[in-house]
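# Chains, contacts and geometry: an overview
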Amino acid sequence: MASNKIVVIGSINMDLVTQTQAVPRLGETVLGTSFTTNPGGKGANQAVAAARLNADVTMIGAVGNDSFGKELLHHLQNQGIFTGNVEPVTHKETGIASITIANHDNSIIVVPGANDCVTEELVEKYEDVIAKNDTMLLQLEIPLKSVIKAAELAKKHGVRVILNPAPYQDLPEELLQLVDYITPNEYEAVELLKASNLKNLHEKLIITKGAEGVSFYENGLEKNISSYKVEVVDTTGAGDSFNGAFAVALSEGKTIEEACSFAVAVGALAVTKLGAQSGMPTREQVEAFLNEDKPSGNMSSTKIQ
Ligand code: RIB
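Here goes a summary of the coordinates provided.

The rules behind the values
Numbering of residues begins from 1 in every chain and follows the order in which that chain's sequence is written. Under the rules for a predicted model, residues below a pLDDT of 70 receive no local features and side-chain atom pairs below 80 are neither given nor counted, while totals for whole chains, interfaces and linings still include all residues. Hydrogens and waters are ignored; side-chain quantities use all the structure's heavy atoms. Counting from the N terminus, the helices are DSSP H or I runs at least four residues long and the strands are E runs at least two residues long. The reference for a compact globule is 2.2 Å times residues^0.38; the radius of gyration itself is calculated from the C-alpha atoms. A 1.4 Å probe rolled over the protein chains alone gives each residue an accessible area, and that area as a share of the maximum for its type sets the label: buried under 20%, exposed over 50%, partly exposed in between. Reported accessibility uses the Shrake-Rupley method at a 1.4 Å probe radius. Residues are deemed covered only where the shown protein chains occlude them. A residue counts as positive if it is Lys or Arg and as negative if it is Asp or Glu; His and the chain ends are not included. Lys charges are placed at NZ, Arg charges at CZ, Asp charges at CG and Glu charges at CD. Two aromatic rings, drawn from Phe, Tyr or Trp (for Trp, its six-membered ring), form a pair once their centres lie within 6.5 Å of each other, and the interplanar angle then sorts them: stacked below 30 degrees, edge-to-face above 60, tilted otherwise. For this description, a residue counts as near a given molecule or strand if any of its non-hydrogen atoms is within 4 Å of it. Any pair of nitrogen or oxygen atoms within 3.5 Å is treated as a polar contact; in protein, a donor-acceptor pairing is required on top of that, and neighbouring residues in sequence qualify only through side-chain atoms on both sides. To obtain an axis, a line is fitted to C-alpha atoms, over the contacting stretch when the element is a helix, and the angle between two such axes runs from 0 to 180 degrees between their N-to-C directions. We call two directions roughly parallel when the angle between them is under 35 degrees, roughly antiparallel when it is over 145, roughly perpendicular when it lies between 65 and 115, and oblique otherwise. Crossing chirality is assigned from the near helix's rotation relative to the far helix, an anticlockwise turn below a right angle marking it left-handed and a clockwise turn marking it right-handed. In what follows, a contact means two residues having at least one pair of non-hydrogen atoms within 4.5 Å. Asp, Glu, Lys and Arg are counted as charged, while Ala, Val, Leu, Ile, Met, Phe, Trp, Tyr, Cys and Pro are counted as nonpolar; the rest, among them Gly, fall into the polar class. Take a side-chain nitrogen of Lys or Arg and a carboxyl oxygen of Asp or Glu: if they are within 4 Å of each other, that pair is a salt bridge.

Helix and strand content of the chain: 11 helices and 14 strands. Taking 19 Å as the expected radius of gyration for a compact globule of 305 residues, we find that the chain reaches 18 Å, a close match to that expectation. Taken over the C-alpha atoms alone, the chain extends approximately 50 × 45 × 40 Å along its principal axes. In the chain, buried positions account for 52% of the 305 residues. Accessible surface computed for the chain: about 13800 Å², of which carbon and sulfur atoms make up 50%. Charge-centre separation for the chain: the mean point of 24 positive side chains lies 3 Å from the mean point of 38 negative side chains.

Set out below in structure tokens:
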């Protein structure tokens with residue numbers, strides 16, 4: 001029987017978001033139009049996406065012993081996420097992401113800070129917690145060695161692993177072997193396919209394509225699920241929404257196709273509000289959205305050449 005217990009091991013950031021009409025070149029100053037601080041971090045975003053869809057979510061990570069850290073922990077708890085395994089550290093500041101939004105698209109600089117304190121030892125300490133879950137969500141904003149350790153422990157305890165390879169870096173085959181699904185965007189997928197010789201890599205790939213939807217591979221076919229036409233306000237966290245939703249759907253026993261289809265709808269809703277997490281929908285909102293008469297979310301397939 002599938003459980004919906006999901007453990008996320010990853011980053012927790014405060015997003016410092018500036019909206020501007022013009023992005024400054026090096027050496028240039030421009031006037032922006034607004035500034036906000038929003039909870040973010042790929043790990044925390046994916047945890048929130050899953051929790052809003054009624055999953056039982058545990059977060060493993062680290063924040064600084066500072067005001068951002070306290071605010072973010074409080075926020076995660078308010079979302080119903082178990083944060084007893086998020087360690088406040090005193091020698092590093094909470095991670096931040098400096099985000100510039102222009103023309104509905106973003107550029108991001110992440111300063112990991114306390115996220116770098118999610119060491120292999122810290123991950124190992126929570127082996128028992130990991131073992132109690134059905135699915136693990138991983139990204140690449142904590143040290144790579146810790147990601148590998150987490151995947152090893154998940155494998156040991158039969159926990160399904162979804163790796164979102166963002167921000168992209170070359171990954172050892174050892175890690176790619178360990179994970180069940182890898183969810184790159186199109187750019188990350190090209191890099192992954194260039195760098196890896198793994199035989200069954202295609203079967204693990206779920207490629208997110210923004211407004212184009214998602215592609216995955218099944219029985220020698222490349223399948224595509226198209227996305228929905230929505231008013232895009234901010235694409236920050238769209239991939240995280242997809243990953244959180246994909247994990248929830250799989251842990252509820254849905255097929256890959258059903259899980260992708262559900263996650264595409266969640267990703268589409270998430271981009272309609274400013275901030276990585278503010279547009280992430282509840283289960284009721286996704287169901288209402290899917291019940292509307294819409295011309296997309298369709299499946300097509302082509303043979304892999
Ligand atoms: O995926 C979006 C996230 O990337 C932002 O919330 C930011 O914190 C960066 O980690």
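Here the narrative resumes.
Further remarks concern the packing of aromatic side chains. The final tally for this structure, using the stated rule, is 4 aromatic pairs. Judged by centre distance (5.0 Å) and plane angle (70 degrees), the ring pair of Tyr-228 and Phe-289 falls under edge-to-face. Remark: Phe-289 occurs in helix α11 (residues 283–291) and Tyr-228 occurs in the loop between β13 (221–225) and α9 (238–251); sequence separation between them is 61 residues. There is no split in this pair, since Tyr-228 and Phe-289 are both buried. Between the aromatic rings of Phe-242 and Phe-246, the centroid separation amounts to 5.9 Å while the plane-to-plane angle is 15 degrees, which identifies the pairing as stacked. One end of the pair is Phe-242 and the other is Phe-246, both in helix α9 and 4 residues apart, which spans about a single turn.

A separate point is the site of the ligand. Around the ligand there are 13 residues in total, and Asp-15, Gly-41, Lys-42, Glu-141 and Asp-240 lie nearest to it. Between the ligand and Lys-42, the relevant distance is 2.8 Å, taken from an oxygen atom to a side-chain nitrogen or oxygen of the residue. One of the side-chain N or O atoms of Asn-45 is found 2.9 Å from an oxygen atom in the ligand. Burial of the ligand by the surrounding chains reaches 96%, relative to a free accessible area of 280 Å².

Contact geometry of helix α1 (residues 42–52) with α9 gives a least axis separation of 7 Å together with a crossing angle of 50 degrees. Relative to α9, α1 is oriented oblique. In this structure, α1 meets α9 at a crossing whose hand is right-handed. On α9, the residues touching Lys-42, Asn-45, Gln-46, Ala-49 and Ala-50 of α1 are Asp-240, Ser-241, Asn-243, Gly-244 and Val-248. Its residues assigned to classes, the contact of α1 with α9 comprises 3 nonpolar, 5 polar and 2 charged.

Here the idea is simple: oppositely charged side chains can pair when their charged atoms come close. All told, the structure shown has 12 salt bridges when counted by the stated rule. Notably, a salt bridge pairs Lys-125 with Glu-87, separated by 2.5 Å at the nearest N-O pair. Linking Lys-125 in helix α3 (residues 120–125) with Glu-87 in strand β5 (residues 82–89), this pair joins segments that are 38 residues apart in sequence. Between Glu-252 and Lys-254 there is a salt bridge, and its shortest N-O distance comes to 3.3 Å. For Glu-252, a relative accessible area of 31% puts it in the partly exposed group. Classification of Lys-254 by relative accessible area gives partly exposed; the value is 28%. Members of the salt-bridge network, linked through shared partners, are Glu-124, Lys-149 and Glu-152.

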